[in-house]
Amino acid sequence: FDSKIDTIHNARKGKLNMSVKSSFAEMLYNGRVAKHWTQRQAAENSGVSLRHYQDLELGITDPKLSTAVRLASVLEIELDSLKSEVCPIALSVSGL
């Protein structure tokens, strides 16, 4: 299954306009690959189910803030990078 996900991510790299959700998903993917982990390992180390992790990495669903912070910590994603992905969503929702 991981190889299918990798194929999807490789196809995604060709897109110029990525949504915020896709950007976060890409951050998860890159963090996981940098650690040479499977999705199962990333999910287990983050305390989320494998299915939920897969949905997050594919950009199908958005994480709760606490989950996003935990994923960033486990995958060693800088919180500033995470903030830059989350803030545009908050601003667009609030109308600012």
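Basis of the calculations
Residues numbered from 1 in each chain as written. Predicted model: local features only at pLDDT ≥ 70, side-chain atom pairs only at ≥ 80, totals over all residues. Heavy atoms only, no water. Helix = DSSP H or I, 4+ residues; strand = E, 2+ residues; numbered from the N terminus. Buried < 20%, exposed > 50% of the residue type's maximum accessible area, 1.4 Å probe, protein only. Contact = heavy atoms within 4.5 Å. Areas by Shrake-Rupley, 256 points an atom, 1.4 Å probe, with all protein chains shown as cover. Salt bridge = Lys/Arg side-chain N within 4 Å of Asp/Glu carboxyl O. Core = buried A, V, L, I, M, F, W, Y, C linked by side-chain atoms within 4.5 Å. pLDDT = per-residue confidence, 0-100.

Secondary structure summary: the protein chain contains six helices and zero strands in total. The buried share among the 96 residues of the protein chain stands at 34%. For the protein chain, contacts bridging at least 24 residues in sequence account for 57% of all contacts bridging at least 6. Summing over all exposed atoms, the protein chain offers an accessible surface of approximately 5900 Å²; the carbon and sulfur share of this is 56%.

All right, on to unusual backbone geometry then. Positive phi, close to 60°, is recorded for His-36, a residue that is not glycine. Within the fold, His-36 resides in the loop between α2 (20–34) and α3 (39–46). Here His-36 falls in the exposed class, since its relative accessible area comes to 71%. One non-glycine residue, Glu-76, lies in the positive phi region at around 55°. Along the chain, Glu-76 turns up in the loop between α5 (65–74) and α6 (79–94). Residue classification places Glu-76 among the exposed residues on the basis of a relative accessible area of 62%.

Let us look at the pattern of salt bridges. As a working rule, side chains carrying opposite charge can pair if their charged atoms are close by. What the rule picks out here adds up to three salt bridges. A salt bridge links Lys-35 to Glu-76; the shortest N-O distance between them is 3.2 Å. Here Lys-35, found in the loop between α2 and α3, pairs with Glu-76, found in the loop between α5 and α6; they are 41 residues apart in sequence, far enough to count as distant. Residue Arg-51 is joined to Asp-55 by a salt bridge in which the shortest nitrogen-to-oxygen separation is 3.5 Å. Highlighted residues: Arg-51 and Asp-55, both in helix α4 (residues 50–57), separated by four residues, approximately one helical turn.

Our next topic: the nonpolar core. Soluble globular proteins tend to pack their nonpolar side chains together in the buried interior. By size, the foremost hydrophobic cluster in this structure holds 13 residues, and its most contacted members are Phe-24, Leu-28, Tyr-53, Leu-71, Leu-75 and Ile-77. Broken down by secondary-structure element, the contributors of at least two residues to this core are α2, α3, α4 and α5. Contacts of Tyr-53, omitting those with residues within four sequence positions, involve Leu-28, Arg-32, Gln-39, Ala-42, Ala-43, Val-48, Leu-71 and Leu-75.

On to the confidence of the model for the protein chain. Predicted coordinates in regions of low pLDDT should not be interpreted in detail. Of the residues in the protein chain, 62% have a pLDDT of 70 or more, and the chain-wide mean is 76. Averaged pLDDT values for the elements of the protein chain fall to 53 in helix α1 (residues 2–12) and rise to 97 in α3. Scored below 50 in pLDDT, residues 13–20 shows seven contacts in the model against residues more than four places distant or in partner chains. Here residues 89–96 is a poorly scored stretch, pLDDT under 50, and it has two contacts once near neighbours within four places are set aside; other chains count.

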